[in-house]
Amino acid sequence: MEVIIAEGERLAELAADAVEDLLRRKPDAAIGLATGSSPLAVYDELARRHQESGLSFERARGFLLDEYVGLPADHPERYRNVIAAEVGDRVGWPETQISGPDGLADDIAEACAAYERSIAEAGGIDLQLLGIGTDGHIGFNEPGSSLASRTRLKSLTLQTRQDNARFFGDDVDAVPVHCLTQGLGTISAAGHLVLLATGRHKAEAVHQLVEGPVSALWPATIMQFHPHATVLVDEAAASRLQLAGYYRHAYAAKPDWQGL
Ligand code: GLP
């Protein structure tokens, strides 16, 4: 696992570099898309590169990390709509090439299985962007999630619903109780995991993710098993890292040819 400590704007550039390098190498790559505030600066940077240097998503496939259950199709917080507004529409990504688990399906179990099939049919996800919840969740895999889980229905914790209430007019009751999320096993199957975290409120989750024992109590710790995981954090989110000095040294000494 590589940990890079830098200021927010630089983190977004690094994540955008990883996406751009991938698309230049493989224009029809499959990219896993996260919601929340953490990847927003990355999406801004990708939109800028699309405008200014023609970075193309025309052949790329997009796969949402998660989705709320039961939000009406036109609800602005439905993750499919959030991703369209924040990245898809801004980079000219054909709508039909971005998919997500169907939170409005009558048969939820079948919708989850169908989503796993669509990822497999695309040849798997090449690069998965991730944020992290204050309780250590990735996607919506709350503490206690199976470390081998696949896309399925989950109940959100009260903590997550409170954290996300800001997107629902600060009304925690308006935040759905249920969601569909790629499982920890699904996420682990992606070729490259790129997680972004900023702010002191993420410091404990980041410490556990990088340095804690692997445990369903901190679901993001599954990333310790991944052969290609990049953790991009600002100073505040890095403030509890025990080996911060070593991560800084290793990054400063990194050979240029290695890339992310
Ligand atoms: C939600 C999303 C996660 C995201 C988390 C953190 O729960 N489902 O994918 O990582 O929020 O959000 P933020 O980046 O806004 O702190």
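Values in this document were obtained by computation on a predicted structure and should not be read as measured data.

1. Looking at the side chain of Asn141
Next up, step 1: Residue placement: Asn141 occurs in the loop between β6 (127–130) and β7 (152–155).
Next up, step 2: Classification of Asn141 as buried rests on a relative accessible area of 0%.
Next up, step 3: Here Gln182 takes part through its backbone oxygen, which lies 2.8 Å from a polar atom of the side chain of Asn141.
Next up, step 4: When residues no more than four places from it in sequence are discounted, the contact partners of Asn141 are Ser149, Arg152, Thr181, Gln182, Gly183, Leu184, Ile187 and Pro219.

2. Thoughts on the pattern of salt bridges
Next up, step 1: Inspection of the entire model under this criterion finds 14 salt bridges.
Next up, step 2: Here Arg24 ties to Glu20 by a salt bridge, and the two come within 2.6 Å at their closest N and O atoms. Of the two residues, Arg24 and Glu20 are both situated in helix α1 (residues 8–25); the distance of four residues between them amounts to about one turn of the helix.
Next up, step 3: A single network of salt bridges, built from pairs that share partners, joins Asp17, Glu20, Arg24, Glu45, Arg48, Arg49 and Glu52.

3. Structural notes on the UniProt feature "active site" (unreviewed entry) in the protein chain
Next up, step 1: In this structure's numbering, the residues bearing the UniProt feature "active site" (unreviewed entry) are Asp66, Asp135, His137 and Glu142.
Next up, step 2: Sequence-distant contacts of Asp135, defined by excluding residues within four places in its chain, comprise Glu142, Pro143, Thr157, Thr160, Leu217, Trp218 and Pro219.
Next up, step 3: Relative to the helices and strands, Glu142 is located in the loop between β6 and β7.
Next up, step 4: In this structure Glu142 comes out as buried when scored by relative accessible area, which is 2%.
Next up, step 5: Ignoring sequence-local partners within four residues, the contact set of Glu142 consists of Asp135, His137, Lys154, Ser155, Leu156, Thr157, Thr160 and Pro219.
Next up, step 6: Within the structure, Glu142 has its side chain in polar contact with the side chain of His137 (distance 3.1 Å).

4. Here we look at helix α2 (residues 40–53)
Next up, step 1: In a regular helix each residue adds 1.5 Å, so 14 residues correspond to 20 Å; α2 covers 20 Å between its end C-alpha atoms and thus fits that length.
Next up, step 2: Within α2, burial applies to Val42, Tyr43, Glu45, Leu46, Ala47 and Arg49.
Next up, step 3: Following α2 by one or two positions, Gly54 has its phi on the positive side, about 70°.

5. A word on the nonpolar core
Generally speaking, nonpolar side chains in soluble globular proteins are found buried as a group.
Next up, step 1: Core analysis: the biggest nonpolar cluster contains 76 residues, and Leu46, Phe57, Ile138, Leu195, Met223 and Val233 have the highest contact counts within it.
Next up, step 2: Sorting elements by how many residues they give to this core places α1 first, with nine residues.

6. So, the side chain of Ser99
Next up, step 1: Within the fold, Ser99 resides in strand β5 (residues 98–99).
Next up, step 2: Apart from residues no more than four positions distant in its own chain, Ser99 is found in contact with Arg61, Gly62, Phe63, Leu64 and Tyr115.

Conventions used here
- Residues numbered from 1 in each chain as written.
- Predicted model: local features only at pLDDT ≥ 70, side-chain atom pairs only at ≥ 80, totals over all residues.
- Heavy atoms only, no water.
- Helix = DSSP H or I, 4+ residues; strand = E, 2+ residues; numbered from the N terminus.
- Buried < 20%, exposed > 50% of the residue type's maximum accessible area, 1.4 Å probe, protein only.
- Polar contact = N/O pair within 3.5 Å; in protein donor to acceptor, adjacent residues only side chain to side chain.
- Contact = heavy atoms within 4.5 Å.
- Salt bridge = Lys/Arg side-chain N within 4 Å of Asp/Glu carboxyl O.
- UniProt positions renumbered as here; feature names shortened; annotations may be inferred.
- Expected span 1.5 Å × (residues − 1).
- Core = buried A, V, L, I, M, F, W, Y, C linked by side-chain atoms within 4.5 Å.

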